Amino acid sequence: MSAVIDRVLEAPPQAPGNWRRPGIEKAAPASVFARPAEGFWRTGALASAGWVALGLLTIYWPNKAVGFSDWAYTDEFGIAALAIGAALLLVALLGTRAGRVARALRPAGPWLVALPVLFALWEIATAKLALLPTPFFAPPQSLIETYIDDWRRLGESLAHSARLLAHGFVLGALAGFLTGVTIGWSRIAGYWVHPVLRFVGPVPASALLPLAFFFFPSSYAAAVFLIALATGFPVAVLTWSGVAGVNRNYYDVARTMGASERFLVLRVAIPAALPQVFVGLFMGLGAAFSVLVTAEMMGVKAGLGFYLSWAQGWASYSNMYAALIVMALLCSGLITLLFKVRDRVLSWQKGTVKW
């Protein structure tokens with residue numbers, strides 16, 4: 001102890017603000033312009049270069065006119081690409097200081113690099129060199145023209161499709177869920193309903209389109225029935241599998257504590273089967289969407305499927321591509337929403353659900 005005291009007393013005096021423990025050097029002051037090693041986003045800078053190159057290519061490479069003067073909104077598309085490139089460059093330079101924007105964009109970095117390359121190939125093959133025949137193939141700026149000039153009709157078609165899909169999907173999901181719980185819990189119900197499911201379920205719902213339009217009073221009601229049928233089969237099968245696969249020990253423990261049959265179904269069987277139920281909902285959503293488009297193209301006089309059929313009849317392929325993108329966004333958004341609902345409902349099973 002005395003040796004330590006002597007060493008401290010022999011150390012040179014220092015100003016109070018510069019005091020440090022013996023053996024530890026004072027860290028150099030951080031520069032205002034210092035950037036953490038992981039701060040600069042290289043992928044974002046590469047994506048920025050790609051979008052800037054796409055914008056310059058679009059603006060300064062003249063279009064090859066085939067049968068008409070020029071493609072509209074070419075300069076606007078190029079300016080939009082330049083703006084995206086500038087925004088990505090700013091985010092890349094700010095790095096971690098960009099906050100939520102950086103955290104949201106970094107996982108999509110490779111896609112942000114690939115998209116301008118794909119758009120550039122599309123632009124060159126259509127507007128610049130006319131390698132792909134018109135009007136079957138149109139450049140990206142034709143989509144801008146469609147969304148600006150025909151946004152009202154596209155919006156109405158989207159609203160009709162969303163309403164029809166919601167009615168059919170909700171009815172099919174409820175019917176499939178109740179059917180699956182019933183046949184998974186009751187052997188008598190399973191004996192009678194299971195053969196019907198095996199016979200009717202594999203038949204594509206779109207194959208029943210003529211019969212549905214004959215028996216139902218309107219084409220809208222027929223489309224709702226077909227969408228519900230396409231949704232209900234996977235939901236019923238997966239719910240039945242989930243209920244039937246519940247560990248019997250859960251029931252034994254609950255019965256030991258005096259649980260009723262109703263409690264076993266509502267508090268044991270259904271919660272344990274919910275992961276399988278959501279698998280069925282995801283499968284049913286995909287099937288419902290395909291039937292939705294078919295029904296709208298064949299009989300319903302509104303919706304995105306009807307819009308597709310109309311655009312194809314008038315050889316307006318840019319409108320068709322615009323509608324396809326809207327449909328893809330609608331389906332992707334609904335799947336994302338269903339994932340959010342699943343995460344909220346199954347929050348008590350966090351760590352066990354791996355999909």
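Draft legend 1. Local environment of the overall build of the chain. Scanning the chain for helices and strands turns up 14 helices and zero strands. Along the chain, helices and strands appear, N-terminal first, in the series α-α-α-α-α-α-α-α-α-α-α-α-α-α. The buried share of the chain, reckoned over its 355 residues, is 36%. Once local pairs closer than 6 in sequence are excluded, the contacts in the chain between residues at least 24 apart make up 73%. Carbon and sulfur atoms provide 68% of the accessible area of the chain, an area that totals close to 21500 Å².

Draft legend 2. Molecular detail of the side chain of Thr58. Relative to the assigned elements, Thr58 resides in helix H2 (residues 42-60). What makes Thr58 buried here is its relative accessible area of 0%. In contact with Thr58, other than residues within four places in its own chain, are Thr74, Phe77, Gly78, Glu123 and Lys128.

Draft legend 3. Quick peek at helix H10 (residues 219-244). Along its 26 residues, H10 runs 37 Å from first to last C-alpha, staying within 8% of the 38 Å computed at 1.5 Å per residue. Bending of H10 peaks at approximately 25 degrees at the position of Gly232, with proline Pro234 no more than four residues after it.

Draft legend 4. Seen up close, H2. Taking 1.5 Å of rise per residue, the 19 residues of H2 would be expected to cover 27 Å, and the 27 Å separating its terminal C-alpha atoms lies within 8% of that figure. Of all the positions in H2, only Gly44, Ala47, Ser48, Trp51, Leu54, Gly55 and Thr58 are classed as buried. Projected onto a plane normal to the axis of H2, the buried residues spread over an arc of 125 degrees and lie on a single side. Residues of H2 that are exposed and angled more than 90 degrees away from the buried face: Arg42, Leu46 and Tyr60. For H2, the elements touching its buried residues are helix H3 (74-94) and helix H5 (109-128).

Draft legend 5. View of a nonpolar patch on the surface. A surface patch of nonpolar side chains, about 530 Å² in accessible area, is lined by Trp61, Leu129, Leu131, Leu132, Phe136 and Phe137. By the element assignment, Phe137 lies in the loop between H5 and helix H6 (140-149). Owing to a relative accessible area of 36%, Phe137 belongs among the partly exposed residues under this scheme.

Draft legend 6. Quick look at the packing of aromatic side chains. Taken as a whole and judged by the stated rule, the model has ten aromatic pairs. Grouping aromatic residues by their ring pairs yields a cluster made of Trp51, Phe77, Phe119 and Trp122. Directly above the aromatic system of Trp310 lies the positively charged group of Arg153, at a separation of 4.4 Å from the ring centroid.

Draft legend 7. Main features of the pattern of salt bridges. Under the definition given, this model contains three salt bridges. Of the charged contacts in the structure, one is a salt bridge between Glu123 and Lys128, with a shortest N-O distance of 3.7 Å. Here Glu123 matches Lys128 in class, with each residue buried.

Draft legend 8. Expanded view of the packing of H10 against helix H12 (residues 261-298). H12 packs onto H10 with a crossing angle of 155 degrees between their chain directions and a minimal axis gap of 7 Å. Relative to H12, H10 is oriented roughly antiparallel. In the packing of H10 onto H12, the handedness of the crossing is right-handed.

Draft legend 9. A look at the environment of Glu156. The topology assignment puts Glu156 in helix H7 (residues 151-185). Given a relative accessible area of 47%, Glu156 falls into the partly exposed group. Residues Glu156 and Gly303, 147 residues apart in the sequence, show an inter-C-alpha distance of 7.3 Å.

Calculation notes
Per chain, residue numbering runs from 1 following the sequence as it is written. Residues qualify for local features only when their pLDDT is at least 70, as the model is predicted, and side-chain atom pairs are given and counted only at 80 or more; totals for whole chains, interfaces and linings, by contrast, use all residues. In computing side-chain values, all of the structure's heavy atoms are included and hydrogens and water are not. The numbering of helices and of strands both runs from the N terminus, where a helix is a DSSP run of H or I of at least 4 residues and a strand a run of E of at least 2. Here's how the labels work: a residue is buried when its accessible area is under 20% of the maximum for its type, exposed when over 50%, partly exposed in between, all with a 1.4 Å probe on protein chains only. We call two residues in contact whenever any of their non-hydrogen atoms come within 4.5 Å of each other. Computed with the Shrake-Rupley method and a 1.4 Å probe, the accessible areas treat only the protein chains shown as cover for residues. A helix is expected to span 1.5 Å multiplied by its residue count minus one. Each residue is assigned a bend, namely the angle between axes fitted to the seven residues that terminate at it and the seven residues that start at it. In this context, the arc is that of the directions from the helix axis out to the C-beta atoms. Only residues whose relative accessible area exceeds 30% and that take part in no salt bridge are eligible for patches, with like-charged residues grouped when within 9 Å of each other and nonpolar side chains (Val, Leu, Ile, Met, Phe, Trp, Tyr) grouped when within 5 Å. Salt bridges are defined as contacts in which a side-chain nitrogen from Lys or Arg sits within 4 Å of a carboxyl oxygen from Asp or Glu. When the centres of two rings from Phe, Tyr and Trp lie within 6.5 Å, Trp using its six-membered ring, the rings pair. Their planes under 30 degrees apart give stacked, over 60 give edge-to-face, and anything left gives tilted. Whether a charge sits over a ring depends on NZ of Lys or CZ of Arg being within 6 Å of the ring centre and within 35 degrees of the ring normal. Fitting a line to C-alpha atoms yields each axis, with helices limited to the stretch in contact; the angle taken between N-to-C directions then spans 0 to 180 degrees. Any angle that is under 35 degrees is reported as roughly parallel, and any over 145 degrees as roughly antiparallel; angles of 65 to 115 degrees are reported as roughly perpendicular and all others as oblique. By convention the crossing between two helices is left-handed if the near helix lies anticlockwise of the far one by an angle smaller than a right angle, and right-handed if it lies clockwise.

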